[in-house]
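Given next are the chains, with one letter for each unit.
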Amino acid sequence: PLPFAETCFITVMGILVNLIIVPLVGDGWVIFSYERIKENLSVNNADREGPCFDPEYQDLCIRMLQWNRSFPGSTILFIGLMIIIASFSTSVSFRRLYTTKRLVRVLTMQQKKD
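Notes on the structure in this doc start here. (Residues numbered from 1 in each chain as written. Predicted model: local features only at pLDDT ≥ 70, side-chain atom pairs only at ≥ 80, totals over all residues. Heavy atoms only, no water.)

On to the overall build of the chain. Counting its secondary structure elements, the chain contains three helices and zero strands. Helices (α) and strands (β) of the chain occur, in sequence order from the N terminus, as α-α-α. A burial count over the chain gives 16% of its 114 residues as buried. Sequence separation of 24 or more characterises 67% of the internal contacts of the chain that already satisfy a separation of 6 or more. Carbon together with sulfur atoms contributes 67% to the accessible area of the chain, which is approximately 9200 Å² in total. (Helix = DSSP H or I, 4+ residues; strand = E, 2+ residues; numbered from the N terminus. Buried < 20%, exposed > 50% of the residue type's maximum accessible area, 1.4 Å probe, protein only. Contact = heavy atoms within 4.5 Å. Areas by Shrake-Rupley, 256 points an atom, 1.4 Å probe, with all protein chains shown as cover.)

What follows is the structure in structure tokens.
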């Protein structure tokens, strides 16, 4: 397994690319804007009926759509965080194992000398 610092660096760079750099280059954050979602609801579905097209409930629907569209980004962030936590715990356990192994080796060498 990779050391913790390398795993953390790779994961942070992946999150940075997927959630910040690519959306900024392609105007990806515009899809989350209140005005853009309201425009999509009014233009594409002007003839439909339902709670999202009622002006009284439109704000609620827009907020729900914002959360729904942000789900992939939050999933990427969550997975990255889990990778970092798993890497840290693996690194700590390997460090303990290495220390224990060295201690056992030193103790057996001392017993052989005596």
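Taken as a whole and judged by the stated rule, the model has one aromatic pair. Arranged with centres 5.4 Å apart and planes meeting at 70°, the rings of F4 and F88 form a pair that is edge-to-face. Residue F4 is located in helix 1 (residues 4–25), and its partner F88 is located in helix 3 (residues 58–113); the two are separated by 84 residues in the primary sequence. Judged by its relative accessible area of 46%, F88 falls in the partly exposed class. (Phe/Tyr/Trp six-rings, centres within 6.5 Å; stacked < 30°, edge-to-face > 60°.)

If you trace the backbone, E6 turns up in helix 1. A C-alpha to C-alpha distance of 9.6 Å links E6 and S87, two positions 81 residues apart in sequence.

Between helix 1 and helix 3, the shortest axis-to-axis distance is 9 Å and the interhelical angle comes to 175°. With respect to helix 3, the element helix 1 is oriented roughly antiparallel. Residues F4, T7, C8, T11, V12, I15, N18 and L19 of helix 1 pack against G73, I76, L77, G80, I83, I84, S87, F88 and S91 of helix 3. (Axes fitted to C-alpha atoms, helices over the stretch in contact; angles between N-to-C directions. Parallel < 35°, antiparallel > 145°, perpendicular 65-115°, else oblique.)

Here we come to the environment of V12. Structurally, the position occupied by V12 is in helix 1. With relative accessibility at 38%, the residue V12 sits in the partly exposed group.

Further remarks concern helix 1. Taking 1.5 Å per residue as the helical rise, helix 1 with its 22 residues ought to reach 32 Å, and the 30 Å between its terminal C-alpha atoms agrees with that figure. Of all the bends found along helix 1, the most pronounced is centred on V17 and spans about 40°. Within helix 1, the full set of buried residues consists of T7, T11, I15, L19 and P23. Residues of helix 1 that are buried make contact with helix 3. Directly after helix 1, the chain includes D27, whose backbone phi takes a positive value near 50°. (Expected span 1.5 Å × (residues − 1). Bend = angle between axes of the 7 residues up to and from the residue.)

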